[in-house]
Amino acid sequence: MLKTVADAVPAADAAPVQIRIRGVEKTFAVGTQKIVALQDIDLDIRKGEFVCLLGPSGCGKSTLLNAVAGFQPPTKGTVAVDGRTITEPGPDRGMVFQEYALFPWMTVAQNVAFGLEIKGMSKPEIAGTVERLLEKLHLQDFRNRFPKDLSGGMRQRVAIARVLALDSPILLMDEPFGALDALTRRTLQDELLRIWEEVGKTILFVTHSIEESIYLADRIVVMTYRPGTVKRDVLVDMPRPRDGSAPEFNRLKRELSQMVMEEQQRFSQDEIRSVTAD
Ligand SMILES: Nc1ncnc2c1ncn2[C@@H]1O[C@H](COP(=O)(O)OP(=O)(O)OP(=O)(O)O)[C@@H](O)[C@H]1O
Ligand SMILES: [Mg+2]
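Residues numbered from 1 in each chain as written. Chains lettered and ligands numbered in written order. Predicted model: local features only at pLDDT ≥ 70, side-chain atom pairs only at ≥ 80, totals over all residues.

### Here we look at the overall build of the chain
Here is the rule we go by: Each helix corresponds to a stretch of at least 4 residues labelled H or I by DSSP, and each strand to a stretch of at least 2 residues labelled E; elements are numbered beginning at the N terminus. When we talk radius of gyration, it's over C-alpha atoms, and the globule rule is simply 2.2 Å times the number of residues to the 0.38. Contact definition: two residues whose C-beta atoms, as placed from backbone geometry, lie within 7 Å.
Counting its secondary structure elements, the chain contains seven helices and eleven strands. Its C-alpha atoms give the chain a radius of gyration of 19 Å, within 12% of the compact-globule value 19 Å for 278 residues. Taking as baseline every contact in the chain between residues at least 6 positions apart, the subset at least 24 positions apart corresponds to 72%.

Put into structure tokens, the structure is as follows:
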């Protein structure tokens, strides 16, 4: 089959590299077994880019994101942000998790304000920022609710508002919309794209969903399964908003499906091997 996907090659006038990943390897010891979760990862993410990490379960997407976040340093290699090697979490990188990490005892407004109090912002400044973000994410009418009284989509909006409040130049998102129904997911994807275009952040976004990655990303980094390496770095050169029924959307979807399927099969074989070894 003729390959039509284009590898991502930076243009001469491309923005500077903001996240530089070099020779990253991550191994975990599980009993006597050594699991190589990541190996030889080299990746550059430019300022303002929207990059998706795509791959089947267990291929190391979260491990790579956690290394960039500074939660779990790599075993080998380096991650640098704006030229500084990452050794711990920092205010330059905001993280949104799949499982709405909100404080259940705080209201929506208090959850959004939380990081700002820690940052030492004055009360009027905090109030102004919270108001602006509640409006941006259509949460004004929910400001005094507690997380348990919100739908999944609303809770994820609060999580995004809270990260945006910190105003980190980099957003790291680990399957943030994975648990949502299709309609809510599309609405939040559109809101995220609108915010990204408005505020010009760099986004590294993990997903299982091929469609989601094509809908959102400038580039899609497809990962292999164990060890997790970069299989392809694909450019998505389509104007936004993208039409899921357009021929070029579907062509890319078919080719990415094939790449992910190859890795998914390796994952399934591994699962069978581990069950039969028990
Ligand atoms: N703390 C840990 N201890 C041992 N093994 C781990 C640990 N974290 C991750 N792994 C292993 O590393 C590999 C990559 O895991 P990771 O969670 O990064 O995958 P993923 O691509 O995010 O998967 P998913 O799509 O299911 O979230 C898996 O084989 C996993 O079992
Ligand atoms: Mg994961």
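### Structural notes on helix α1 (residues 61–69)
The periodicity of an α-helix, 3.6 residues per turn, causes residues three or four positions apart to be oriented the same way. Put simply, the rule reads: Residues with at least 20 other C-beta atoms within 10 Å of their own are called buried, those with 12 or fewer are called exposed, and the rest are partly exposed. The C-beta atoms themselves are positioned from the backbone.
Burial analysis of α1 places eight of its nine residues in the buried class, the great majority of the element. Lys61, Ser62, Thr63, Leu64, Leu65, Ala67, Val68 and Ala69 are the residues of α1 that are buried.

### A look at helix α2 (residues 108–119)
Turning to α2, its buried residues are Val108, Ala109, Asn111, Val112, Ala113 and Leu116. Residues of α2 that are buried in the fold lie against α3 (123–136) and α4 (152–166). Looking at the residues trailing α2, positive phi occurs at glycine 120, about 85 degrees.

### Some points on the site of ligand 1
Quick note on the threshold: Each residue receives a C-beta atom placed from its backbone. It is near a molecule or strand if this atom lies within 6 Å of it. Under the grouping applied here, Gly and all other residues not named as nonpolar or charged are polar, the nonpolar ones being Ala, Val, Leu, Ile, Met, Phe, Trp, Tyr, Cys and Pro and the charged ones Asp, Glu, Lys and Arg.
In the region of ligand 1, 13 residues are neighbours, and Phe28, Ala37, Ser57, Ser62 and Thr63 sit closest. Mapped by element, the contributors of at least two residues to the shell around ligand 1 are β2 (17–30), β3 (33–46) and α1. If you tally residues by element for the shell around ligand 1, the top one is α1, at three residues. A per-class count over the shell around ligand 1 returns five nonpolar, seven polar and one charged.

### Some remarks on the sheet that holds strand β9 (residues 202–207)
Convention followed: Should DSSP find at least two bridges between two strands, the strands are taken to pair. Here an axis means a line fitted to C-alpha atoms, over the contact stretch when the element is a helix, while the angle between two N-to-C directions is reported on a 0 to 180 degree scale.
Taken in spatial order, the seven strands make up an open sheet running β1-β11-β10-β4-β9-β8-β7, and their pairing is mixed. The open sheet has two edge strands with one neighbour each: β1 (6–7) and β7 (93–96). Across the sheet, α4 touches β7 and β8 (170–174), and the angle it forms with β7 is around 175 degrees.

### Focus on the nonpolar core
The condition is simple: Any set of buried Ala, Val, Leu, Ile, Met, Phe, Trp, Tyr and Cys residues joined through C-beta atoms within 7 Å is what this text calls a nonpolar core.
The biggest cluster of nonpolar side chains holds 67 residues, and the ones touching the most others in it are Leu54, Val68, Val112, Ala161 and Leu204. A per-element tally of this core places α4 first, with seven residues. Contacts of valine 112, omitting those with residues within four sequence positions, involve Val130, Leu133, Leu134, Val158, Ala161, Arg162 and Ala165.

### Points about the pairing of strand β4 (residues 50–54)
Where burial is concerned, most of β4 is hidden: five out of the five residues are buried. Here β4 shows a buried face lined by Phe50, Cys52 and Leu54 and a second buried face lined by Val51 and Leu53. Where β4 lies against β9, five bridges are found, and the strand directions are parallel. Each bridged residue has a counterpart across the sheet, and for cysteine 52 the counterpart in β9 is phenylalanine 205.

### Quick word on the environment of glycine 178
Residue placement: glycine 178 occurs in the loop between β8 and α5 (182–199). Sequence separation of glycine 178 and phenylalanine 97 is 81 residues, and the distance between their C-alpha atoms is 9.9 Å. Setting aside its immediate chain neighbours within four residues, glycine 178 contacts Gln98 and His208.

### Digging into the environment of arginine 254
Here arginine 254 lies in helix α7 (residues 247–277). Overall, the presence of 13 C-beta atoms within 10 Å leaves arginine 254 in the partly exposed class. Residues arginine 254 and isoleucine 210 lie 44 residues apart in sequence; the distance between their C-alpha atoms is 9.3 Å.

### Some remarks on the sheet that holds strand β5 (residues 76–81)
In spatial order, the strands read β3-β2-β5-β6; together these four strands make up an open sheet with antiparallel pairing. Strands with a single pairing partner mark the edges of an open sheet, and in this sheet they are β3 and β6 (84–85). The pairing of β2 with β3 spans ten bridges and is classified as antiparallel. Pairing of lysine 26 across the sheet is with leucine 38, part of β3.

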